[in-house]
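Residue-level structure breakdown
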Amino acid sequence: MPIYEFYCPDNNKLYSFLARSLAYRDKLPVCPDGEGLRMEKRVSAFAVIGKAKEESADDPFAGVDDAKMESFMADMEREMGSMNEENPDPRQLGHFMRKMTEMMGDKTPPELREMVRRLEAGEDPEKLEEQFGGMDEGDAGDALFSQMISRAKAARKQPVRDPKLYEMRDFVKE
């Protein structure tokens, strides 16, 4: 009895269906999460032992849980949206950067830790930038943000696998 996999692009989920007959091989089931959602047949992936990609020693976010990264990205969008871009509050900027350094853990450069501490104390961001160097494009700070964003986007692209095995006959309309 084959197990068929179907992907729902509307909710980014993979579903497994048990077909007790080969008569279902060309059928398209209704999505278990709602009749109006689209379904696409997928070829099942084979199990692979080992890592799919090597984590780089340069990546300060290596080993960070994808769900944690996505949650952080949502927080970042909210906080950056409420920040005054023309005259940012150093404490608010420091708080935001503190969250980033906590996610990086022991991979946080000491200079960045010091900058965060001083921002949280209310020091002028421009003076700190002069002392520690810019966090503009091409600098280390921009590279950290770029890596964080690319990791979060990659995590969002991965479909969620529904752990349940569904009976094909219950979801195919004749």
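Each value, and the rule that gives it
Residues numbered from 1 in each chain as written. Predicted model: local features only at pLDDT ≥ 70, side-chain atom pairs only at ≥ 80, totals over all residues. Heavy atoms only, no water. Helix = DSSP H or I, 4+ residues; strand = E, 2+ residues; numbered from the N terminus. Buried < 20%, exposed > 50% of the residue type's maximum accessible area, 1.4 Å probe, protein only. Contact = heavy atoms within 4.5 Å. Areas by Shrake-Rupley, 256 points an atom, 1.4 Å probe, with all protein chains shown as cover. Salt bridge = Lys/Arg side-chain N within 4 Å of Asp/Glu carboxyl O. Phe/Tyr/Trp six-rings, centres within 6.5 Å; stacked < 30°, edge-to-face > 60°. Lys NZ or Arg CZ within 6 Å of the ring centre and 35° of its normal. Pairing = 2+ DSSP bridges. Axes fitted to C-alpha atoms, helices over the stretch in contact; angles between N-to-C directions. Polar contact = N/O pair within 3.5 Å; in protein donor to acceptor, adjacent residues only side chain to side chain. pLDDT = per-residue confidence, 0-100.

Per the secondary structure count, the chain includes five helices and four strands. Secondary structure elements of the chain, listed N to C terminal, follow the sequence β-β-β-α-α-α-α-α-β. Within the chain, the fraction of its 174 residues that count as buried is 32%. Contacts spanning at least 24 positions in sequence make up 60% of the contacts within the chain whose residues lie at least 6 apart. Entry remark: accessible area of the chain is about 11,600 Å², with carbon and sulfur atoms responsible for 50%.

Pairing of side chains with opposite charge becomes possible as their charged atoms draw close. Going through the model one piece at a time under the given rule, you end up with eleven salt bridges. Between D10 and R38 there is a salt bridge, with its nearest N and O atoms 2.7 Å apart. Here D10, found in the loop between β1 (3-8) and β2 (13-18), pairs with R38, found in the loop between β2 and β3 (40-42); they are 28 residues apart in sequence, far enough to count as distant. The class of D10 is partly exposed, set by a relative accessible area of 38%. R38 gets classed as partly exposed once you look at its relative accessible area, which sits at 49%. Between R98 and E120 there is a salt bridge, with its nearest N and O atoms 2.5 Å apart. Of this pair, R98 sits in helix α2 (residues 90-104) while E120 sits in helix α3 (residues 110-120), and the two are 22 residues apart along the sequence.

So, about the packing of aromatic side chains. Counted according to the given criterion, the structure contains five aromatic pairs. Taking the centre distance of 5.2 Å and the plane angle of 85° together, the rings of Y166 and F171 count as edge-to-face. Taken together, the ring pairs connect F6, Y15, F17, Y166 and F171 into an aromatic cluster. For R42, the ring lying beneath its charged end belongs to Y7, and the centroid distance is 4.2 Å.

Taken in spatial order, the four strands of this open sheet run β3-β1-β2-β4, and their pairing is mixed. In the strand order of this sheet, the two ends are held by β3 and β4 (160-167), each with one partner. Between one strand axis and the next, the sheet turns through 30° on average, direction left out of account. Pairing between β2 and β4: five bridges, direction parallel. Among the inter-strand pairings, L18 is bridged to a residue of β4, identified as E167.

Structurally, the position occupied by E35 is in the loop between β2 and β3. Separated by 136 residues in sequence, E35 and F171 place their C-alpha atoms 9.4 Å apart. Ignoring any residue separated from it by four or fewer positions in sequence, one finds E35 in contact with V30 and K173. A polar contact is formed between the side chain of E35 and the side chain of K173, at a distance of 2.5 Å.

Turning our eyes to something else, we now look at the pairing of β1. Within β1, five of the six residues are buried, which leaves the element mostly enclosed by the surrounding structure. Bridge count between β1 and β3: three bridges; the pairing is antiparallel. Along β3, the bridge assignment pairs Y7 with E40.

For the rest of this paragraph, the subject is the confidence of the model for the chain. Atom-level detail of predicted coordinates should not be read off regions where pLDDT is low. Scored by pLDDT, the chain has a mean of 74; 62% of the residues are at 70 or more. Mean pLDDT across the secondary structure elements of the chain bottoms out at helix α5 (residues 140-157), with 52, and peaks at β2, with 94. The low-confidence segment residues 47-53, where pLDDT is below 50, has zero contacts with residues more than four positions distant or belonging to other chains.

The next point concerns the pairing of β2. Counting buried residues in β2 gives five out of six residues, a clear majority hidden from the surface. Pairing between β1 and β2: six bridges, direction antiparallel. Within the sheet, the bridge partner assigned to F6 lies in β2 and is Y15. Between β1 and the antiparallel strand that follows it, β2, lie four residues; N12 among them carries a positive phi value of about 55°.

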